[in-house]
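Chain by chain, the residues:
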Amino acid sequence: MQSGLRAAFAWLCLAAPHLTAAAAPDLDALAAHPTWVALLHVRQGEPMVRDPGFLLTLPHFSLQAELRATLTLLQGDDAQALCRFPARYTWLRHQGALPERSLAHCGELVEFRTRAPMEQVALVFASETLSQPSSMMGHVFLKLGGHDATGTFREHAISFYTEPVTWNLPRLFWRSLVVGMPGYFTLGPYADQVRGYVEREGRNLWEHPLELDAAQRELLQAHLMELRPVQFTYFFQRYNCATLVQQVLAVVQPRVLDHPDLWTTPKDVVRAAQQAGLLGPAVAVSAPRWTLHLLDQALTSDDVAAVQQAVAQQTLPPTSGTDPRSFLRQQAALALNQQWMANGQRSPEAGTAYRQRLETAAPAQLALASNPAFSPAAAPPDSQFSLSLQRRDGDDAVVMTFLPASHRLEDRNDMYFNESALRLFEVALSQSLQGRGARVERATLYAVESLLPRDRFTGGLSGRFKIGHEPQAGGDLASRGALLVEGGLGITQRFGQDLDIFALATAGVGARRGAYVYASPSAGFVLRQVFQMKAIVTLSLLHNGLGDGRTTREWQWTQAKYLGPNWTLVGRYTLRERAQQRAREAELQLKRLF
């Protein structure tokens with residue numbers, strides 16, 4: 001019996017080290033875990049945040065070293081270390097790497113949980129705006145909702161942004177792309193965000209509820225607390241509102257990083273969250289101008305006049321139990337009243353009182369519903385590469401074009417409220433097939449075009465602006481590259497659902513062997529066709545192109561055929577005329593969106 005006990009004891013002694021090793025967490029596996037990578041905001045092995053208050057092992061950072069340093073810190077006697085990294089502690093405890101400890105002594109964390117409860121979380125997309133360079137591709141942030149200690153339901157917004165202080169685009173791009181700009185991570189009432197985006201800036205918000213369980217919300221809230229004191233550096237192309245929010249979402253669902261983008265945009269974050277199964281049905285908060293723009297298409301001239309008169313007199317618009325447009329007139333009155341408040345045409349007190357009257361009279365069983373087709377999750381990818389065969393000036397060439405962000409006028413704009421284009425850092429290279437060598441066809445720093453249809457409530461202007469090195473025709477009808485800075489304003493009128501007719505007055509400054517001023521008024525139409533096609537026809541006059549003092553006329557027809565969500569076939573034909581001279585240009589292009 002004794003020999004048997006001695007043998008069993010000896011076996012336990014020999015096995016104990018192996019049992020301990022098996023029970024201990026694998027630190028290498030933890031360091032490589034996607035959640036740990038997301039908690040540190042690491043991309044392709046490099047930390048995106050270089051604040052020594054956030055990363056313990058700078059300047060010699062590694063995932064393994066940071067894990068060991070974190071475990072050492074959190075296992076020490078300093079209880080405040082838990083308050084500094086509550087999300088790291090929470091996740092490591094669930095992985096069995098740390099013992100159970102209380103966070104009740106973390107005053108700021110307790111206050112954050114109390115004042116900004118997280119019973120609900122939503123991913124919010126704010127639509128694009130041209131008034132702020134940092135938001136020309138939209139903005140994305142988080143909305144938190146829940147009941148505080150008094151039982152009152154509170155909503156807050158967590159946002160990351162920068163403040164561009166100049167419209168000097170070269171300087172702005174240098175600072176935001178190369179040097180970096182101060183980034184701000186803020187918490188504030190969600191109502192303030194709605195007033196800022198929807199009422200003052202006229203931007204639409206898309207609220208996408210996040211389907212998270214209690215443990216995921218706890219981890220997310222703890223991580224947001226970790227980020228509050230961090231000093232961020234904002235880079236437009238690699239660490240912006242989109243990349244930070246995507247990293248935050250990856251803490252609770254690492255699959256949002258499964259398909260890395262060349263340039264992560266706010267829409268990419270929404271699409272990634274949807275593909276990862278995080279998003280519920282979206283709800284739109286429409287800016288009053290866009291609501292009026294959409295309702296204008298459904299109301300008659302008499303309806304519009306009646307709504308304008310009712311809002312001016314602060315009376316209820318005409319209603320009829322048998323008229324289906326009564327509800328639309330009431331909604332138009334609400335939006336027009338809100339627009340007047342935003343423009344300063346009506347005082348907040350008078351506007352609020354009138355809004356309450358309108359809302360009281362509105363039928364409870366009716367509401368305007370958002371169309372999922374306009375959701376950013378339904379938008380095409382923001383980057384594209386194309387290959388073209390081109391004939392110009394008697395030369396055949398292959399043209400390769402890369403547009404990192406975002407889209408051209410011939411692309412699908414179904415999810416926007418108007419036809420538009422935005423080109424950032426577009427580069428096109430041309431290789432002659434007849435021995436004339438290679439050249440830079442186009443290098444566009446920034447170009448934007450918006451064909452906003454006028455409506456009877458608010459009017460509306462169309463416009464364009466461009467800065468870059470692009471081909472321009474001279475009086476001899478031949479195209480040569482020139483540095484161009486141009487802008488223009490005009491009007492667009494929509495007929496039905498598929499036809500936009502526009503006219504723009506455009507002028508600019510060019511440089512090629514000297515500076516010159518030129519003018520280029522244009523008119524045309526955009527026709528959205530059946531079978532997933534779009535046609536754009538433009539007539540333009542170019543005066544003093546390349547500074548030669550002469551005027552040329554140009555016709556251009558662009559035909560696009562969409563071959564699915566990621567492929568487009570584009571044909572383009574251009575005819576230039578001056579006096580009895582003519583020059584033709586043709587191009588066949590296949591583009592891939594990604």
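Asker: Describe the state of the cysteines, with residues and values.
Answerer: Under the counting rule described, the total for this entry stands at one disulfide. Covalently, Cys83 is tied to Cys106 through a disulfide, its sulfur atoms 2.1 Å apart. Handedness here is read from the sign of the S-S torsion; for Cys83 and Cys106, about -80°, the answer is left-handed. With Cys83 in helix 5 (residues 80-84) and Cys106 in the loop between helix 6 (86-94) and helix 7 (107-115), the pair connects residues that are 23 residues apart, well separated along the chain. For the residue pair Cys83 and Cys106, the accessibility class agrees, reading buried in each case.

Asker: Go over the pattern of salt bridges with me, naming the residues and quoting the values.
Answerer: Tallying each qualifying case throughout the model produces 44 salt bridges. Ionic pairing is found between Arg392 and Glu441, a salt bridge with its closest N-O pair at 2.6 Å. Residue Arg392 is found in strand 10 (residues 384-392), and its partner Glu441 is found in strand 14 (residues 438-451); the two are separated by 49 residues along the sequence. In terms of burial, Arg392 and Glu441 fall into one category: buried. Here Arg576 and Glu554 are joined by a salt bridge, their closest N and O atoms 2.9 Å apart. With Arg576 in strand 22 (residues 567-578) and Glu554 in strand 21 (residues 551-562), the pair connects residues that are 22 residues apart, well separated along the chain.

Asker: Quick rundown of a nonpolar patch on the surface? Include the residues and the values.
Answerer: Together, Leu262, Phe385, Leu387, Met400, Val427, Leu429, Val440 and Phe594 give the surface a local cluster of nonpolar side chains, amounting to about 690 Å² of exposed area. Elements supplying a minimum of two residues to the nonpolar patch: strand 10 and strand 13 (419-432). Along the chain, Leu262 turns up in the loop between helix 11 (241-252) and helix 12 (266-275). What makes Leu262 exposed here is its relative accessible area of 56%.

Asker: An account of the nonpolar core is requested, with residue identities and associated values reported.
Answerer: Side chains that are nonpolar tend, in soluble globular proteins, to be buried together. The biggest cluster of nonpolar side chains holds 84 residues, and the ones touching the most others in it are Leu92, Leu123, Leu224 and Leu424. At nine residues, helix 11 tops the list of elements feeding residues into this core. The residues contacting Leu224, other than those within four sequence positions of it, are Phe112, Met118, Leu142, Leu144, Ile158, Phe185 and Val248. Of all hydrophobic cores here, the second largest spans 18 residues; its members include Leu292, Ala332, Tyr354 and Phe457.

Asker: Give me the sheet that holds strand 8 (residues 232-234): which residues, what numbers.
Answerer: Taken together, seven strands build an open sheet; the order of strands is 8-6-5-4-3-7-9 and the sheet is antiparallel. At either end of the open sheet lies a strand with only one pairing partner, and these are strand 8 and strand 9 (283-285). Direction aside, neighbouring strands of the sheet carry axes that sit 30° apart on average. Here strand 7 (residues 205-209) pairs with strand 9 via three bridges, running antiparallel. Bridging across to strand 9, Trp206 finds its partner in Ala284. The sheet contacts of helix 11 involve strand 3 (120-126), strand 4 (139-147), strand 5 (153-161), strand 6 (181-189) and strand 8, and relative to strand 4 the element is tilted by about 45°.

Asker: I'd love a proper account of the confidence of the model for the chain, names of residues and values included.
Answerer: Considering every residue of the chain, the mean pLDDT works out to 90; 94% of them sit at 70 or more. Below a pLDDT of 50 lies the segment residues 1-22, which in the model reaches zero contacts outside its immediate sequence neighbourhood of four places, other chains included.

Asker: Explain unusual backbone geometry residue by residue, including any values.
Answerer: Note on backbone geometry: most residues besides glycine have negative phi, and most peptide bonds are trans. Going from Leu58 to Pro59, the amide bond is cis rather than trans, its omega being 5°. Mapped onto the elements of the fold, Pro59 is located in the loop between strand 2 (46-47) and helix 4 (63-74). A cis amide bond links Ala405 to the next residue, Ser406, at an omega of 20°. Position of Ser406 among the secondary structure elements: in strand 12 (residues 405-407). Residue Phe531 is not a glycine yet carries a positive backbone phi of 60°. Note on placement: Phe531 falls in the loop between strand 19 (522-529) and strand 20 (533-543).

Asker: A description of the packing of helix 14 (residues 301-313) against helix 15 (residues 326-343) should follow, citing residues and the corresponding values.
Answerer: For the pair helix 14 and helix 15, interaxial distance at closest approach is 9 Å and the crossing angle is 50°. Classed by the angle they form, the pair helix 14 and helix 15 counts as oblique. Read as a crossing pair, helix 14 and helix 15 show a hand that is right-handed. Residues Asp303, Val307, Gln308, Val311 and Ala312 of helix 14 form the contact with helix 15, whose own contacting residues are Arg329, Ala332, Ala333, Leu336, Asn337 and Trp340.

Scoring rules and cut-offs
- Residues numbered from 1 in each chain as written.
- Predicted model: local features only at pLDDT ≥ 70, side-chain atom pairs only at ≥ 80, totals over all residues.
- Heavy atoms only, no water.
- Disulfide = S-S within 2.5 Å.
- Helix = DSSP H or I, 4+ residues; strand = E, 2+ residues; numbered from the N terminus.
- Buried < 20%, exposed > 50% of the residue type's maximum accessible area, 1.4 Å probe, protein only.
- Salt bridge = Lys/Arg side-chain N within 4 Å of Asp/Glu carboxyl O.
- Patch = residues over 30% accessible without salt bridge, like charges linked within 9 Å, V, L, I, M, F, W, Y side chains within 5 Å.
- Areas by Shrake-Rupley, 256 points an atom, 1.4 Å probe, with all protein chains shown as cover.
- Core = buried A, V, L, I, M, F, W, Y, C linked by side-chain atoms within 4.5 Å.
- Contact = heavy atoms within 4.5 Å.
- Pairing = 2+ DSSP bridges.
- Axes fitted to C-alpha atoms, helices over the stretch in contact; angles between N-to-C directions.
- pLDDT = per-residue confidence, 0-100.
- Parallel < 35°, antiparallel > 145°, perpendicular 65-115°, else oblique.
- Left-handed = near helix turned anticlockwise from the far one by under 90°.

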